[in-house]
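# Structural overview
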Amino acid sequence: MQIAHELPDFDFVLRGADGRSALVNELRLEASFIITPRQLITGWAATDVASLEPEMLEPLLALDPEVVVLGTGEAQGFPPPRTLAACLRRGVGLEAMTNAAAARTYSVLASEGRRVVAAFIINA
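Scope of this entry: the structure provided in the associated data block.

Thresholds applied
Residues numbered from 1 in each chain as written. Predicted model: local features only at pLDDT ≥ 70, side-chain atom pairs only at ≥ 80, totals over all residues. Heavy atoms only, no water. Pairing = 2+ DSSP bridges. Helix = DSSP H or I, 4+ residues; strand = E, 2+ residues; numbered from the N terminus. Axes fitted to C-alpha atoms, helices over the stretch in contact; angles between N-to-C directions. Contact = heavy atoms within 4.5 Å. Buried < 20%, exposed > 50% of the residue type's maximum accessible area, 1.4 Å probe, protein only. Salt bridge = Lys/Arg side-chain N within 4 Å of Asp/Glu carboxyl O.

## Description of the sheet that holds strand β6 (residues 67–71)
- Strand order in this open sheet of 5 strands is β5-β4-β8-β6-β7, and the pairing throughout is mixed. Looking at the sheet topology across the chains shown, the edges are occupied by β5 (40–42) and β7 (93–97). Geometrically, the sheet is characterised by an average inter-axis angle of 15° between neighbouring strands, direction not taken into account.
- Summarising the sheet, β6 and strand β8 (residues 116–120) pair through 5 bridges and their orientation is parallel. What sits directly across from V69, in β8, is A118.

## Section: the side chain of T72
- As for its placement among the helices and strands, T72 is situated in the loop between β6 and α2 (81–89).
- Residues contacting T72, with those up to four places away along its chain left out, are V49, G77, A96, M97, T98, N99 and I121.

## With respect to the sheet that holds strand β2 (residues 22–24)
- Within the open sheet, the 3 strands sit side by side as β1-β2-β3. Their pairing is antiparallel. The open sheet has two edge strands with one neighbour each: β1 (14–17) and β3 (27–29). If you compare each strand with its neighbour and ignore which way they point, the axes differ by 20° on average.
- Relative to β3, β2 runs antiparallel, the two sharing 3 bridges. Bridging across to β3, L23 finds its partner in R28.

## So, unusual backbone geometry
- Not every positive phi belongs to a glycine, and N25 is a case in point at roughly 55°.
- With respect to the helices and strands, the residue N25 is situated in the loop between β2 and β3.
- Since its relative accessible area comes to 25%, N25 is described here as partly exposed.

## A closer look at the pattern of salt bridges
- Within this structure, the stated rule accounts for 9 salt bridges.
- Ionic pairing is found between R38 and D11, a salt bridge with its closest N-O pair at 3.6 Å. Pair noted here: R38 is in the loop between β4 (33–35) and β5 and D11 is in the segment before β1, with a separation of 27 residues, a long-range link.
- Overlapping salt bridges, with partners in common, bring together D9, D11 and R38 in one network.

## Concerning the side chain of T83
- Of note, T83 is situated in helix α2.
- Judged by relative accessible area, which is 0%, T83 ranks as buried.
- Ignoring sequence-local partners within four residues, the contact set of T83 consists of L52, E53, P54 and L57.

Structure below.
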């Protein structure tokens, strides 16, 4: 059963993710990436949520989100407080969860027309 309605005008549709890979449209990604319904940024430098520095969020925040969904890999983890504070100072919410949960959450928020950016840490 499909939970979220897939908007036909999305350029990039996230079909699923786990700690090792993700499927965007028909492209299998095996490295960290950033996605919006209109943009896919591959080769994001993040490799571990615990070492995620505020400046690593700049490519996400440049996309003007109201919320960032952060996929932290196979297990849920949280970025350092200074990284969370960088989002809060800009009025942007950041939600950290496993990649599988982040993929589902991102898809629902995107289908609702929210200004959501998702970033996934892939540990291939």
